[in-house]
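Structure at a glance
Given next are the chains, with one letter for each unit.
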Amino acid sequence: MPLEESPAWRWKPWQECLLLFALPFALYAEAYPYGLLGLDDVTYYQVNRTLQGGLREGLAGIWMPFYSEYFPVTQFTLWLDLALFGSEHWWGARLQELIWFGFGTLAVRALVLRL
């Protein structure tokens, strides 16, 4: 019995990945104009003196606990936001969060296909 051909409407894998990566950007489009939330964003970006506003000296502070928390990867992404976009441009932090969210959707796709 010959193998059935896939339907013509089926998306190519790169098209699926592109759509899934863009999905968080579309879902959170209404949140783009807003600044940081008054929950913990202000604490991590403005009060966190160990990051030193994204200066090179702040890289050492990443490996030290902040408010009895030790999250070096999170601290590094915050430092990267401050280093690349400065403390006045919150769109950079939001953009980086959405990029990570997009990669997360691709990871879930890979996991589902693997199962």
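These remarks concern the structure in this document.

Rules and cut-offs
Residues numbered from 1 in each chain as written. Predicted model: local features only at pLDDT ≥ 70, side-chain atom pairs only at ≥ 80, totals over all residues. Heavy atoms only, no water. Core = buried A, V, L, I, M, F, W, Y, C linked by side-chain atoms within 4.5 Å. Buried < 20%, exposed > 50% of the residue type's maximum accessible area, 1.4 Å probe, protein only. Helix = DSSP H or I, 4+ residues; strand = E, 2+ residues; numbered from the N terminus. Axes fitted to C-alpha atoms, helices over the stretch in contact; angles between N-to-C directions. Parallel < 35°, antiparallel > 145°, perpendicular 65-115°, else oblique. Left-handed = near helix turned anticlockwise from the far one by under 90°. Contact = heavy atoms within 4.5 Å. Nonpolar A, V, L, I, M, F, W, Y, C, P; charged D, E, K, R; others polar. Phe/Tyr/Trp six-rings, centres within 6.5 Å; stacked < 30°, edge-to-face > 60°. Patch = residues over 30% accessible without salt bridge, like charges linked within 9 Å, V, L, I, M, F, W, Y side chains within 5 Å. Areas by Shrake-Rupley, 256 points an atom, 1.4 Å probe, with all protein chains shown as cover. Salt bridge = Lys/Arg side-chain N within 4 Å of Asp/Glu carboxyl O.

Counting residues in each nonpolar core, the largest one holds nine residues, listed as Y44, Y45, L51, I62, L78, W79, L82, W90 and A93. The biggest single contributor to this core is helix α4 (residues 72-85), with three residues.

Running from amino to carboxyl end, α4 crosses helix α5 (residues 90-114) at an angle of 135°, the nearest separation of the two axes being 9 Å. With respect to α5, the element α4 is oriented oblique. Considering the relative orientation of α4 and α5, their crossing is right-handed. On α5, the residues that touch T77, L80, D81 and F85 of α4 are W91, G92, A93, Q96 and W100. The class makeup of the residues in the contact of α4 with α5 is five nonpolar, three polar and one charged.

All chains considered together, the criterion is met by five aromatic pairs. When the ring of W100 is compared with that of F103, the centres are 6.4 Å apart and the planes differ by 70°; the resulting orientation is edge-to-face. Highlighted residues: W100 and F103, both in helix α5, separated by three residues, approximately one helical turn. Taking relative accessible area as the criterion, W100 reaches 54% and is therefore assigned exposed. On the accessibility criterion, F103 (45% relative accessible area) is partly exposed. Linked through ring pairs, F21, F25, W100 and F103 together constitute an aromatic cluster.

Turning our attention to a nonpolar patch on the surface. A contiguous nonpolar surface patch, about 490 Å² in accessible area, is contributed by L23, L27, Y28, Y32 and F101. As for its placement among the helices and strands, Y32 is situated in the loop between α1 (13-27) and α2 (41-47).

Moving on to the pattern of salt bridges. Tallied over the full model, the rule gives one salt bridge. With a closest N to O distance of 2.9 Å, E16 and R109 form a salt bridge. Within this pair, whereas E16 is found in helix α1, its partner R109 is found in helix α5, the two being separated by 93 residues in sequence. With relative accessibility at 18%, the residue R109 sits in the buried group.

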